[in-house]
Amino acid sequence: RPASPHATTIYGSQQGAYTNEPSTSATVDMDRAWNMLSDGRFTDARSHFARHAQDSPGKGMPKVGDALASALEGDYERGVWAMRRALEADADVLHYAEFDDRLENRIERLRDLYLDKAVADPGRHDWRFMSAALGYLVGDSRRAMRDIDQAIAHGDSSQAASNLRRLIQEKRLEMAPK
């Protein structure tokens, strides 16, 4: 994926985290938070991400971490709220995220859980929005597009949903045979 001047690429605890920003204590702390998330220490990771999200309101990646940690911890509504904030703060933030296998597997299971919630409560567009975001993160752009279209059809008129739909469209065009 292309490098971004304002995004962190996350690999998780297997490979360590990389950032294209200068090394700072904040970067080291973010790396530690991603490693905690990959290791299944969701509460610890969430507190680190939430602090970074508050300290850096214009950066989306700490909000993505907060969203994932919150949802993996079982706070599904906060997960949606934080993911929306991430996509509002940085419309391209999900494009730059990469995960180690353990974290990617957790995200896939989480996406399935949100999809089950959406099927059980089809009028609740938040669940489809989050399923679409998680689908994008694990590379399932076809399902992600279907989910975001359904979220929008059920009334999700947020900027985050528009940004996510655009990201998914761009990813699908990128992957289309030439």
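Along each chain, residues carry numbers from 1 onward, in the same order as the chain's sequence is written. Only residues with pLDDT of 70 or above have their local features reported here, since the model is predicted, and side-chain atom pairs are shown and tallied only from 80 upward, although totals for entire chains, interfaces and linings are computed over all residues. Computation of side-chain values covers all heavy atoms of the structure but excludes hydrogens and water.

1. So, the confidence of the model for the protein
- Residue-level pLDDT values for the protein average 86, and 84% of them are 70 or greater.
- What pLDDT reports is the predictor's confidence in each residue, on a scale of 0 through 100. Any two residues whose heavy atoms approach within 4.5 Å are treated as being in contact. Per-residue pLDDT stays below 50 along residues 1-23; that stretch engages in 54 contacts with residues further than four places along the chain or on separate chains.

2. Here's the deal with the nonpolar core
- Working definition of a nonpolar core: buried Ala, Val, Leu, Ile, Met, Phe, Trp, Tyr and Cys residues. They are joined through side-chain atoms within 4.5 Å. Each residue's exposure class comes from its accessible area (1.4 Å probe, protein chains only) as a fraction of the maximum for that residue type: buried when under 20%, exposed when over 50%, partly exposed otherwise. Counting residues in hydrophobic clusters, the biggest one holds 47 residues, and the most contacted among them are W34, L37, M83, L94, F129 and L164.
- Counting from the N terminus, the helices are the DSSP runs of H or I reaching at least four residues and the strands are the DSSP runs of E reaching at least two. If you list the elements that add at least two residues to this core, you get α1 (25-38), α2 (42-55), α3 (61-72), α4 (76-89), α5 (101-120), α6 (125-137), α7 (141-153) and α8 (159-175).
- By residue number, the principal contributor to this core is α6, which donates eight residues.
- The contact partners of L37, leaving out residues within four places of it in the chain, are F42, A45, F49, G65, L68, A69, L72, L103 and R106.

3. Side note on the environment of Y136
- With respect to the helices and strands, Y136 occurs in helix α6.
- For Y136, a relative accessible area of 2% gives the class buried.
- It is 9.9 Å that separates the C-alpha atoms of Y136 and R165, two residues lying 29 residues apart in sequence.

4. Re the packing of α7 against α8
- Where α7 meets α8, the closest approach of the two axes is 10 Å, and the angle between their N-to-C directions is 150°. Judged by the angle between their axes, α7 and α8 are roughly antiparallel. For the crossing formed where α7 meets α8, the hand is left-handed. Facing S141, R142, A144, M145, I148, D149 and I152 of α7, the residues of α8 in contact are A161, L164, R165, I168, Q169, K171, R172 and M175.
- The residue makeup of the contact of α7 with α8, split by class, is eight nonpolar, two polar and five charged. In this analysis an axis means a line fitted to C-alpha atoms, helices contributing only their contacting stretch, and an angle means the value between N-to-C directions, from 0 to 180 degrees. If an angle is under 35 degrees, it is roughly parallel; if it is over 145, roughly antiparallel; if it lies from 65 to 115, roughly perpendicular; otherwise it is oblique. By definition, any crossing whose near helix is turned counterclockwise from its far helix by less than a right angle is left-handed, and any crossing with a clockwise turn is right-handed. In this classification, Asp, Glu, Lys and Arg are treated as charged, Ala, Val, Leu, Ile, Met, Phe, Trp, Tyr, Cys and Pro as nonpolar, and every other residue, Gly included, as polar.

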